[in-house]
Amino acid sequence: MREFNGLRMSAIAGLRTSVALSGIALALIVPGIALGQAAPVPTDQNTVAPLTGGGAVDSAPASAEIVVTGTSLRGVAPAGAESIQLSQADVVASGATSTQALLADIPQLSGFGTAPYSGQGGTQLTVNRENLRNLPLGTGGGSPTLVLMDGHRFAGDGIRQTVPDSGVIPPGMIDHVEVILDGGSAVYGADAIGGVINFVTKHDFDGIQINGSHGFGDDYNTTNIDFLVGKKWGSGSIYLGYSYAYNSAIQNADRSYERQVSYAGGTVAPAGLQCNAGNVQNLDPSAGLAPVSTYAITGTNPLTFAAGNRNLCDASKYGELFPQETRHSVMAGFRQDLTSSLDLEVKGFYSFREDKFNSGTQDGYTADINAASPLAPGYNPAGFQFTGPVTGASSFFEAVSGNFSAVNGNYTPQITKLSTWGITPTLNWKIGKDWHMKAFYNYGESRTVVHQPTLNTTQLAADILDNTFNPYNPAAASNAAVIPALLNYENYGLGVSSMSNAKVVFDGPVFQLPGGEVKAAAGGEYLGEKYHGIFQATDTPENTVNTSLYPLAYYKRHEFSGFAEINLPLISSLVVNAQERYDHYSDFGGNWAPSLGAQFKPVSWITLRGKWNKAFQAPSPANLANGGASSAPFPAAYQQYVPLLVNPTGNPGTLGGGGNAGAVPYTNPIIAIQGSDPHLQPQRATTYDLGFDIKPPAVPGLALHGTYYHIDYRGTIGMPPQGSSSSFWTQFQGNYAMNPTYAQVVAIQQALGVSPSNIALTLAGANCTPTSCNIYAISNAITTNLGGARVSGLDFGFDYQHPVSFGSIYGSFNGTYLLNYQTSPNATAAFSPNGAGNSLSLTGLVPRFNFVGTVGTTIGENFRAQVKWNHLDGGNVAPYSLGLGQVTQSAFNTFDFFAKYDLSRSSLPPISLTLAITNMFNTSPPIFNGGNGITNGYNESTVGRVIQLGASVKF
């Protein structure tokens with residue numbers, strides 16, 4: 001709260017700041033986005049180019065070779081492929097101050113329509129994983145969508161992931177973006193299952209340019225500045241760019257749709273029990289520790305508590321739905337012709353990002369009190385005792401809930417820091433007879449650090465047992481000595497990745513066919529990856545960074561690849577493209593990735609296309625660094641999962657035998673075996689798509705496109721779904737045992753590779769001995785290859801531009817409709833629809849129909865304006881047992897406005913002024929009554945209306 005309040009700005013103050021920041025050039029850039037299929041790439045950001053349908057790039061800088069994503073051939077679009085391309089004009093019009101926000105306008109991406117954010121996922125999720133086609137991500141350390149910069153990989157970020165963070169690329173340095181909507185493993189190797197996103201940065205630059213923007217909304221502001229300086233000469237060029245971006249945080253209390261409420265009973269009311277003035281619940285062991293009654297803590301003496309009252313609060317309001325973020329990025333490029341046939345190009349970048357996320361009150365608590373506690377009935381040394389309707393010391397359980405806001409406030413900052421750098425020298429050799437060699441070496445590193453304050457629950461339980469902490473009144477003077485130790489605790493994570501990548505490609509013409517020139521390409525590639533890190537150290541801040549206490553996990557591997565491609569124009573109207581790649585990994589062996597595409601033009605204005613691929617995603621080095629197994633008891637932290645492990649049929653589990661599912665109380669420990677299977681295999685997919693592109697001569701300027709796609713995705717990497725009772729119980733019977741004996745607890749851990757020392761620690765922590773071992777369950781939660789998904793759907797849309805007397809009018813539409821989304825929990829289980837009945841479920845984050853539509857106009861050569869409509873589909877939601885009655889969720893529609901005016905006066909340098917309004921009607925996401933807890937519609941889909949003023953000046 002302290003930092004958040006200091007960052008608030010009114011609209012007037014925001015405008016003043018924007019004027020001050022633009023002293024030289026009113027430097028404000030605010031990018032709306034007009035999406036089209038395979039849009040041309042204008043060389044000047046002031047150019048408004050038509051958005052056309054098709055497959056190839058229509059134009060490119062005259063000084064550069066035309067290189068298209070998805071192929072190893074220069075100047076040839078891969079037959080059968082469909083792509084989305086964003087020109088530099090589209091980037092400017094998007095209103096995006098980060099590449100992640102730019103991509104959020106692509107309907108085929110899982111993040112479409114959402115406000116992308118990072119820095120909230122602790123050590124688990126530290127970067128946005130771009131995901132075309134909504135494929136299951138699971139707990140794997142990678143993503144089935146490959147992200148490239150200038151056609152090559154760059155080092156991944158993260159602690160439990162090694163995923164390239166597209167946010168390291170500032171929008172001001174982007175020339176254009178190419179998105180391939182099918183598998184690309186035949187060209188690029190691993191990760192290109194759902195598709196490929198390639199950010200093409202500026203090739204060269206001459207002069208000085210300053211861009212900037214300042215945006216403001218309700219309790220929110222952004223600032224973005226780009227500075228670019230460069231020089232071109234006859235045989236080369238050099239440039240240097242710097243980008244700064246900042247956005248303030250948004251507190252949950254400042255958005256009406258972000259709240260912790262209950263919809264049970266048809267009323268909306270706060271649902272939190274972990275309040276400043278807390279609550280006490282009687283729990284009945286004979287009924288699964290179900291609450292019998294709730295007592296509000298109304299004073300210091302539990303004897304005065306009145307049954308039936310509750311202290312309810314919305315603890316979420318003190319936290320944030322969108323973190324404060326600051327980013328600094330530097331990018332540089334150099335190009336020089338060494339001879340008439342040989343040139344050298346070197347590009348490098350560095351990016352640093354820091355996220356500050358306030359989670360509000362530091363970990364509320366629910367402390368279990370039973371007969372062993374000094375605070376149980378009949379023992380009252382401190383004047384606190386409580387007697388409820390469940391009597392008898394042997395059957396009495398009590399849960400005391402509260403928080404530490406009275407002594408520690410409501411500001412608990414989680415800090416996430418990421419730094420990434422890379423350098424890529426490239427040689428281009430014109431061999432002769434239009435043959436060409438391109439060779440590059442690419443090296444990069446990244447470092448991710450997370451500090452996440454948390455509560456020392458183990459010490460809390462010990463203090464209660466020792467009668468040194470009074471859970472009924474955290475602000476009591478008697479607690480002052482122990483609270484600092486309880487709160488001086490954190491989850492700490494560290495991930496350091498490095499990548500070494502070398503590639504050489506030869507391509508050129510081979511011979512003539514009736515349809516034209518046959519072109520071929522062949523080459524080889526090397527990829528080396530290293531990872532070391534601490535996945536999560538939970539201790540005092542002084543200890544978490546001590547590598548002698550928490551040693552670094554380490555993993556490295558290397559890969560050698562060979563590939564070839566041929567493009568065959570069999571006749572003038574029929575082109576066939578074939579690609580093949582072989583990758584050999586040091587850790588899991590070889591993989592073939594073939595691809596076959598065809599393109600047929602029955603008439604000059606109709607193109608029919610199709611493509612078939614085999615693609616794969618290699619296990620992440622982060623997953624493999626966590627290889628092997630460890631175990632730990634969870635006497636309290638796992639209680640939220642206990643009801644999901646109850647045997648619904650009355651039969652024991654099968655992992656190492658089992659016992660009576662109800663024989664051991666719910667509050668007894670669960671032993672969870674964690675880690676990663678050291679023999680993880682690649683996730684594999686077979687994909688195909690069929691489509692058309694039509695440019696009807698009867699309607700000049702109109703281009704139509706449509707594609708049917710199908711993906712069969714197998715071997716997804718993840719943890720067994722312990723949070724789903726029916727699926728876990730029926731599909732993973734080999735992954736748990738209820739009420740195991742001491743011998744079974746030891747044998748199961750040994751069989752899964754847990755070390756003897758860790759087994760001993762786990763047994764001691766769970767108080768499990770050969771003569772007394774009251775374990776509720778033992779569960780295998782090791783990350784491994786699980787099931788898969790079958791996904792099919794339609795992409796469709798149009799682009800249109802028409803000249804008029806005052807300039808032009810234009811429009812575009814890009815939509816995707818999901819026909820089928822089926823998942824399988826493991827390798828042997830059948831595929832079933834994801835959702836209720838035959839409908840898709842929004843709870844599975846797979847909306848059926850998304851689209852973006854744009855209409856706009858140009859007036860003369862200096863003015864452009866457009867309105868964009870983003871539609872994120874609603875639909876059926878899965879039924880819930882809380883009687884909430886919600887069976888559908890409405891769609892989410894937002895509208896964005898963008899205008900740009902170019903000042904053209906002989907006495908001034910070229911200046912462009914922009915205005916963008918995102919979510920101009922300030923639409924809130926639809927509420928999802930998914931249960932008690934924070935209700936956030938489509939996962940923080942919007943920050944609300946933001947007005948951005950921008951300008952660009954070039955000298």
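Quick caveat: nothing in here was measured; it's all calculated off a predicted structure.

Asker: What am I meant to see in the overall build of the chain here?
Answerer: Counting secondary structure elements, the chain contains 13 helices and 45 strands. In the chain, which comprises 955 residues, the share counted as buried stands at 55%. For the chain, the accessible area works out to roughly 36,100 Å², and carbon and sulfur atoms hold 58% of it.

Asker: Would you mind showing me how to read the packing of aromatic side chains here?
Answerer: Aromatic rings considered in pairs are described by the distance between their centres and by the relative angle of their planes. Across all of its chains, the model carries 21 aromatic pairs by this definition. Plain terms: the ring middles of phenylalanine 796 and phenylalanine 813 are 6.1 Å apart, the flat faces sit at 20 degrees to each other, and that makes the pair stacked. Of this pair, phenylalanine 796 sits in strand E35 (residues 788–804) while phenylalanine 813 sits in strand E36 (residues 807–824); the two residues are 17 residues apart in sequence, bridging distant segments of the chain. Taking the relative accessible area as the measure of exposure, phenylalanine 796 reaches 27% and is therefore partly exposed.

Asker: Explain a nonpolar patch on the surface to me, please; I cannot follow it from the model alone.
Answerer: On the surface, Ile208, Phe227, Leu240, Tyr242, Val330, Tyr350, Trp421, Ile423 and Phe955 cluster together into a nonpolar patch covering about 770 Å² of accessible area. Elements supplying a minimum of two residues to the nonpolar patch: strand E8 (236–247) and strand E19 (413–432). Structurally, isoleucine 208 can be placed in strand E6 (residues 207–217). When its relative accessible area of 33% is taken as the criterion, isoleucine 208 is described as partly exposed.

Asker: Looking at this structure, I do not really get helix H13 (residues 756–765). What am I missing?
Answerer: Count 3.6 residues to each turn of an α-helix, and residues three or four apart come out pointing the same way. The complete set of buried residues in H13 reads Asn758, Ile759, Thr762 and Leu763. Down the axis, H13 shows its buried residues gathered within 135 degrees of arc, on one side only. What points out from H13, more than 90 degrees from its buried face, is the exposed set Ser757, Leu761 and Ala764. One or two residues past the end of H13 sits asparagine 767, with phi positive at roughly 55 degrees.

Asker: So what exactly am I meant to see when it comes to the side chain of serine 595 here?
Answerer: Examined against the element boundaries, serine 595 turns out to sit in strand E25 (residues 589–603). For serine 595, a relative accessible area of 4% gives the class buried. Polar contacts involving the side chain of serine 595 include one to the main-chain carbonyl oxygen of tryptophan 612, which spans 3.4 Å. Not counting residues up to four positions away in its chain, the partners in contact with serine 595 are Ala186, Asn577, Ala578, Gln579, Lys611, Trp612 and Asn613.

Asker: Help me understand helix H7 (residues 457–465), please; the structure alone is not making it clear to me.
Answerer: Those residues of H7 that sit buried are Leu460, Asp463 and Ile464. The buried side chains of H7 occupy one side of the element, clustering within an arc of 100 degrees when seen end-on. Following H7 by one or two positions, asparagine 467 adopts a phi angle in the positive range, close to 65 degrees.

Asker: I tried to follow the pairing of strand E15 (residues 324–337) on my own but got confused; where do I start?
Answerer: Across 12 bridges, E8 lies against E15 in antiparallel orientation. Bridging from a neighbouring strand, serine 237 pairs with arginine 335 of E15. Pairing of E15 with strand E16 (residues 342–358) involves 14 bridges; the strand directions are antiparallel. Its bridge partner being in E16, aspartate 337 is matched across the sheet by aspartate 343.

Asker: Looking at this structure, I do not really get the confidence of the model for the chain. What am I missing?
Answerer: Reading fine detail from the predicted coordinates is not recommended where pLDDT is low. On average, residues of the chain score 80 in pLDDT, and 78% of them reach the 70 mark or higher. Confidence drops under pLDDT 50 across residues 1–64; counting only partners more than four residues distant or on other chains, this segment forms 206 contacts. Taken together, the stretch residues 636–644 has pLDDT below 50 and engages in 16 contacts with residues farther than four places along the chain or on a different chain.

Asker: Is there a simple way to explain the packing of helix H12 (residues 742–751) against H13 in this structure?
Answerer: Think of two packed helices as two axes; the pair is described by the angle between the axes and how far apart they sit. Interaxial distance between H12 and H13 falls to 10 Å at its minimum, and their mutual angle equals 145 degrees. In the packing of H12 onto H13, the handedness of the crossing is right-handed. Mapping the contact onto sequence places Tyr742, Val745, Val746, Gln749 and Gln750 in H12 and Ile759, Thr762 and Leu763 in H13. Among the residues forming the contact of H12 with H13, the class breakdown is 5 nonpolar, 3 polar and no charged.

Asker: For this particular structure, what's the right way to read the pattern of salt bridges?
Answerer: A complete count under the given rule lists 22 salt bridges for this structure. Of the charged contacts in the structure, one is a salt bridge between arginine 557 and aspartate 587, with a shortest N-O distance of 3.2 Å. Linking arginine 557 in strand E23 (residues 553–571) with aspartate 587 in the loop between strand E24 (574–585) and E25, this pair joins segments that are 30 residues apart in sequence. We classify arginine 557 as buried; its relative accessible area is 6%. In the salt-bridge network here, residues are joined through shared partners; they are Asp165, Glu325, Arg353 and Asp355.

Asker: Sorry, what's going on with the state of the cysteines here?
Answerer: By definition, a disulfide is the covalent link that joins the sulfur atoms of two cysteine residues. Using the criterion set out here, one finds 2 disulfides in the structure. One disulfide in the model links cysteine 275 with cysteine 313; its S-S distance is 2.1 Å. Taking the sign of the S-S torsion, about -95 degrees here, the bridge from cysteine 275 to cysteine 313 comes out left-handed. Separated by 38 residues along the polypeptide, cysteine 275 in the loop between strand E11 (269–270) and strand E12 (279–284) and cysteine 313 in the loop between strand E13 (290–296) and strand E14 (320–322) bring together distant segments of the chain. Each member of the pair, cysteine 275 as well as cysteine 313, carries the same accessibility label: buried. Each disulfide pairs two cysteine sulfurs, and for cysteine 768 the partner residue is cysteine 773, the sulfurs being separated by 1.8 Å. Between cysteine 768 and cysteine 773, the S-S dihedral sits near -95 degrees, and the bridge is therefore left-handed. Residue classification places cysteine 773 among the buried positions, given a relative accessible area of 15%. Here the disulfide map of the chain reads 1-2, 3-4, the bonded cysteines being numbered as they appear in the sequence.

Asker: Whenever I open this one, the nonpolar core confuses me. Can you help?
Answerer: Most often, soluble globular proteins have nonpolar side chains that are buried together. Core analysis: the largest hydrophobic core is formed by 26 residues, its most contacted members being Val177, Val179, Ile197 and Phe199. Elements with a minimum of two residues in this core: strand E2 (83–86), helix H4 (99–103), strand E3 (145–149), strand E4 (174–180) and strand E5 (195–201). The biggest single contributor to this core is E4, with 3 residues. If we skip the residues at most four places from it in the chain, isoleucine 197 touches Leu103, Leu109, Glu130, Leu132, Thr145, Leu146, Val147, Leu148, Val177, Glu178 and Val179.

Asker: Is there a simple way to think about the environment of asparagine 862 in this case?
Answerer: Secondary-structure assignment places asparagine 862 in the loop between strand E38 (849–859) and strand E39 (863–872). Asparagine 862 sits in the partly exposed class, given a relative accessible area of 25%. Through-space distance from the C-alpha of asparagine 862 to that of serine 904 is 7.9 Å; in sequence the pair is 42 residues apart. Not counting the four nearest positions on each side in its chain, asparagine 862 is found in contact with Lys900, Tyr901, Asp902 and Ser904.

Asker: Looking at this structure, I do not really get the environment of glycine 508. What am I missing?
Answerer: In this fold, glycine 508 is placed in strand E21 (residues 490–513). Linking glycine 508 and lysine 433, residues 75 residues apart in sequence, is a C-alpha distance of 7.9 Å.

Asker: Would you explain unusual backbone geometry in this entry?
Answerer: Phi is positive for aspartate 191, close to 85 degrees, though the residue is something other than glycine. By the element assignment, aspartate 191 lies in the loop between helix H5 (185–188) and E5.

Asker: Teacher, can you tell me more about the environment of alanine 269 here?
Answerer: Take alanine 269: it is sitting in strand E11. Looking at alanine 269, the relative accessible area reads 27%, which means it is partly exposed. Taking the C-alpha atoms as reference points, alanine 269 and cysteine 313, separated by 44 residues in sequence, lie 8.7 Å from one another.

Asker: Is there a simple way to think about the pairing of E39 in this case?
Answerer: Sheet faces and side chains relate simply in a regular strand, where the side chains alternate between the two faces. In terms of burial, E39 is a largely internal element, 7 of the 10 residues being buried. For E38 and E39, the ladder comprises 10 bridges, and the chain directions are antiparallel. Counted as the bridge partner of threonine 854 is lysine 868 from E39. Joining the antiparallel neighbours E38 and E39 is a turn of 3 residues, in which glycine 860 adopts a positive phi near 65 degrees. As paired strands, E39 and strand E42 (residues 892–903) are joined by 10 bridges and run antiparallel to one another. Bridge pairing in E42 places asparagine 870 opposite threonine 894.

Reading guide: rules and limits
Residues numbered from 1 in each chain as written. Predicted model: local features only at pLDDT ≥ 70, side-chain atom pairs only at ≥ 80, totals over all residues. Heavy atoms only, no water. Helix = DSSP H or I, 4+ residues; strand = E, 2+ residues; numbered from the N terminus. Buried < 20%, exposed > 50% of the residue type's maximum accessible area, 1.4 Å probe, protein only. Areas by Shrake-Rupley, 256 points an atom, 1.4 Å probe, with all protein chains shown as cover. Phe/Tyr/Trp six-rings, centres within 6.5 Å; stacked < 30°, edge-to-face > 60°. Patch = residues over 30% accessible without salt bridge, like charges linked within 9 Å, V, L, I, M, F, W, Y side chains within 5 Å. Salt bridge = Lys/Arg side-chain N within 4 Å of Asp/Glu carboxyl O. Arc of directions from axis to C-beta. Polar contact = N/O pair within 3.5 Å; in protein donor to acceptor, adjacent residues only side chain to side chain. Contact = heavy atoms within 4.5 Å. Pairing = 2+ DSSP bridges. pLDDT = per-residue confidence, 0-100. Axes fitted to C-alpha atoms, helices over the stretch in contact; angles between N-to-C directions. Left-handed = near helix turned anticlockwise from the far one by under 90°. Nonpolar A, V, L, I, M, F, W, Y, C, P; charged D, E, K, R; others polar. Disulfide = S-S within 2.5 Å. Core = buried A, V, L, I, M, F, W, Y, C linked by side-chain atoms within 4.5 Å.

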